Amino acid sequence: MPNKPKEAPKYKPFTEEEKAKILARHQELVARMNRSLPPDMQLSVDQNLAKKLDDPKVYGIYRIAQEMEEKRNAQKAIQESLAAKFGRSQQRPDPLSRTIFYEFDTSGTPAATAYNEKMYQDYLHDPQKIIAMRYGALMESDPTGIYECDDDPLKLAEYYKDTYPDCEKGFVFQPVVTAGDPTPEMRKALNSMVKPMETIGYPVNMMRAAKSLDYFACPNLTLTQSVIIQNADKALHANDDTMKRILDEALVKDTIDTPKQFFGKFVERGIKLEKGMFVKYRPESYDLDAEGNPINIEETKYDNVFSDAPRGNFRISQRDGNNLQQVQMMNASVQREYLKGWQKSFNQASGTIGEFNIAEIEDRHKGGFIERYIRRNTSREYKEFLQAFKEYNDPKSKNYLNRDNLLTKGNGYLQHKVDQGYRSMDDMKGTSLGRTKFVIATITACQNAPLIQDVKDEWAKEYEPPIKREAALSAKDVEDKPLESEQPANEKDLEKEAEIQAEEPTQTL
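Definitions and limits used
Residues numbered from 1 in each chain as written. Predicted model: local features only at pLDDT ≥ 70, side-chain atom pairs only at ≥ 80, totals over all residues. Heavy atoms only, no water. Helix = DSSP H or I, 4+ residues; strand = E, 2+ residues; numbered from the N terminus. Buried < 20%, exposed > 50% of the residue type's maximum accessible area, 1.4 Å probe, protein only. Contact = heavy atoms within 4.5 Å. Areas by Shrake-Rupley, 256 points an atom, 1.4 Å probe, with all protein chains shown as cover. Pairing = 2+ DSSP bridges. Axes fitted to C-alpha atoms, helices over the stretch in contact; angles between N-to-C directions. Salt bridge = Lys/Arg side-chain N within 4 Å of Asp/Glu carboxyl O. Core = buried A, V, L, I, M, F, W, Y, C linked by side-chain atoms within 4.5 Å. Polar contact = N/O pair within 3.5 Å; in protein donor to acceptor, adjacent residues only side chain to side chain. Parallel < 35°, antiparallel > 145°, perpendicular 65-115°, else oblique. Nonpolar A, V, L, I, M, F, W, Y, C, P; charged D, E, K, R; others polar. pLDDT = per-residue confidence, 0-100. Phe/Tyr/Trp six-rings, centres within 6.5 Å; stacked < 30°, edge-to-face > 60°. Lys NZ or Arg CZ within 6 Å of the ring centre and 35° of its normal. Left-handed = near helix turned anticlockwise from the far one by under 90°.

A. Highlighting the overall build of the protein. Broken down by element type, the protein carries 26 helices and 3 strands. For the protein, the residues scored as buried account for 51% of the 509 residues in total. Here the contacts in the protein between residues at least 6 apart in sequence split such that 78% fall between residues at least 24 apart. Put simply, the protein shows about 25700 Å² of open surface, and 48% of that area lies on carbon and sulfur atoms.

B. Spotlight on the sheet that holds strand β1 (residues 281–288). The sheet built from 3 strands is open, its strands ordered β2-β1-β3 with antiparallel pairing. Each edge of the open sheet carries a strand with a single partner, namely β2 (294–299) and β3 (313–318). Going from strand to strand, the sheet's axes swing by 40° on average, the running direction of each strand aside. As judged from the 4 bridges shared by β1 and β2, these two strands associate in the antiparallel manner. If you follow Glu 284 over to β2, its bridge partner there is Glu 299.

C. Examining the pattern of salt bridges more closely. Here the structure, examined in full by the defined rule, presents 43 salt bridges. Across the pair Arg 88 and Glu 80 runs a salt bridge whose closest N-O atoms are separated by 2.8 Å. For Arg 282, the salt bridge is made with Glu 284, and the minimal N-O distance between the two is 2.8 Å. Per residue, the accessibility class of Arg 282 equals that of Glu 284, and both read buried. A single network of salt bridges, built from pairs that share partners, joins Glu 69, Arg 72, Glu 168, Arg 208 and Lys 211.

D. Region of the structure containing the nonpolar core. Grouped together as the largest cluster of nonpolar side chains are 121 residues, with contacts concentrated most on Phe 173, Met 186, Phe 266 and Trp 342. The contact partners of Phe 173, leaving out residues within four places of it in the chain, are Tyr 135, Leu 138, Met 139, Met 186, Leu 190, Met 193, Met 197 and Met 330.

E. How the structure looks around the side chain of Glu 284. Structurally, the position occupied by Glu 284 is in strand β1. Owing to a relative accessible area of 5%, Glu 284 belongs among the buried residues under this scheme. Within the local environment of Glu 284, its side chain forms a polar contact with the side chain of Ser 317, the two groups lying 3.0 Å apart.

F. The arrangement of the packing of helix α5 (residues 127–139) against helix α25 (residues 452–461) in detail. The geometry of α5 relative to α25 is characterised by a closest axis approach of 10 Å and an angle of 105° between their N-to-C directions. Our classification of the angle between α5 and α25 gives roughly perpendicular. Contacts between α5 and α25 involve Lys 129, Ala 132, Met 133 and Gly 136 on the former and, on the latter, Lys 456, Trp 459 and Ala 460. Considered class by class, the residues forming the contact of α5 with α25 number 4 nonpolar, 1 polar and 2 charged.

G. Representation of the pairing of β1 in the model. Of all 8 residues making up β1, 6 are buried, and the element is well covered by its neighbours. Inspection of the sheet shows β1 paired to β3 by 6 bridges, in the antiparallel sense. Its bridge partner being in β3, Tyr 286 is matched across the sheet by Asn 313. Connecting β1 to the antiparallel partner β2 that follows it, the hairpin turn spans 5 residues, and Gly 292 within it adopts a positive phi of roughly 85°.

H. Highlighting the confidence of the model for the protein. Considering every residue of the protein, the mean pLDDT works out to 88; 86% of them sit at 70 or more. Scored below 50 in pLDDT, residues 469–509 shows 117 contacts in the model against residues more than four places distant or in partner chains.

I. Examining the packing of aromatic side chains more closely. Counted under the stated rule, the structure contains 35 aromatic pairs. On the basis of an interplanar angle of 80° and a centroid distance of 5.6 Å, the ring pair of Phe 262 and Phe 266 is categorised as edge-to-face. One end of the pair, Phe 262, and the other, Phe 266, are both in helix α15 (residues 259–268), 4 residues apart, so they sit about a helical turn from each other. Residue class for Phe 262 comes out buried when judged on its relative accessible area of 0%. Ring-pair connections join several aromatic residues into one group, and the members of that group are Trp 342, Phe 346, Phe 356, Tyr 382, Phe 385, Phe 389, Tyr 392, Tyr 413 and Phe 438. In this arrangement the basic side chain of Lys 260 is found over the ring face of Tyr 147, its NZ or CZ atom lying 3.9 Å from the centre.

J. Representation of the packing of helix α19 (residues 332–350) against helix α24 (residues 430–448) within the structure. Where α19 contacts α24, the two axes come as close as 8 Å, and the packing angle between them is 135°. As judged from the angle between their axes, α19 and α24 are oblique. In the packing of α19 onto α24, the handedness of the crossing is right-handed. Contact residues: α19 offers Trp 342, Ser 345, Phe 346, Ala 349 and Ser 350, while α24 offers Phe 438, Ala 441, Thr 442, Thr 444, Ala 445, Cys 446 and Asn 448.

K. Region of interest: the side chain of Thr 183. Considering the arrangement of structural elements, one finds Thr 183 in the loop between α9 (173–178) and α10 (184–200). Looking at Thr 183, the relative accessible area reads 1%, which means it is buried. Once residues lying within four places of it in the same chain are set aside, the contact partners of Thr 183 are Gln 326, Met 329, Met 330, Asn 331 and Gln 335.

Right under this line is the structure:
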């Protein structure tokens, strides 16, 4: 049988010229670094380096790093072109000032040009919208893919390439989201989400360093050796960001959990690695009351839960209710867009024609002259519901878009009607009937308003080509299930419930 042709390497090997440069530079760096190191930490020339350079797992990293550096430079050039055409952002702070270029399509087609221009103009006028779409997708990512790299450097490089630019965005997740007008609950959630997101960004330093042949020429350093060299020989790295990253690799490897180590801690505790898990779950600290019940529950860091010697009580719980919803909303742009949909749903449920207007709604449901000025007996339950309704629609309120609070107060009013002994809305009239319908319309709006993900998906449809939602996904086909909080019953059930719960009392409310 004829011999099978030799399979071409997946990546182009180092050329003889490249290998010669690496070997010469290696000797130079060993000699230079030894001038900074004490006698007991001296480095030796690696006699096996030439052989190592023929390993596909070594030169593959270089070729990927070079390819991604070219892409990054092309994206930066697009940003400069767009800035020349449309101007620069006047947002202060500008959360995407150093990362917006990652969003640009480098294919050069007319569709890509239109896409890039749309993206850039949204960046100029509403950067939080981009953060919600792109960093929000990353926040709901599946870490299975990077966990399954088993910390193999080439696999991590390939993962970086396949999920680019999500690794880069994970690397800067905290400063971008913090500067992007996050919801109060999202700001608290950063306490736990930063570590998983930065772990997804684990390959970034290596890939930025490996674009240079110096990465392969640099001798292996311990953390201590790297620190000594960086302090003693600042000229080596002061004006060379790539060399700084090369030296920092020793720090990364010695002080930061690898993806296998960090995400493996979830696996060890029986928590499935899945899409959306960092929104679904949160680590919590808590105290115990006299009966042993958890109190003073606060979101904390995963490192506290995973500590071998924890200082306090920690656990991992599921987010729910308002906390889940506000984290999914992520920032003020999503909140504003979601509220528009909610108000539209309320108008439809209440039969309102025209713009949503709280003052008009309140005036429409005021009691008569006797109730307001003589008896002054508007029910506490209605006052609390009306206050919750106003707060729900008020961006300055701590209960802004707090669905739990609104439904609790709405159901409290309906229960108030039941407690007064009424079983059917058929007997209702006047102010009481109007208020009951007002509450029902509010509950129905909470049911029929768009899902939070719908808001982001509608934004994504504005772009051509469509935004790829590739955020660090596993290779497996992961079902994309919304992580919405539990929805109330359908509209007919709500109306039926109201008929049972809310009947007209004989006295004025």
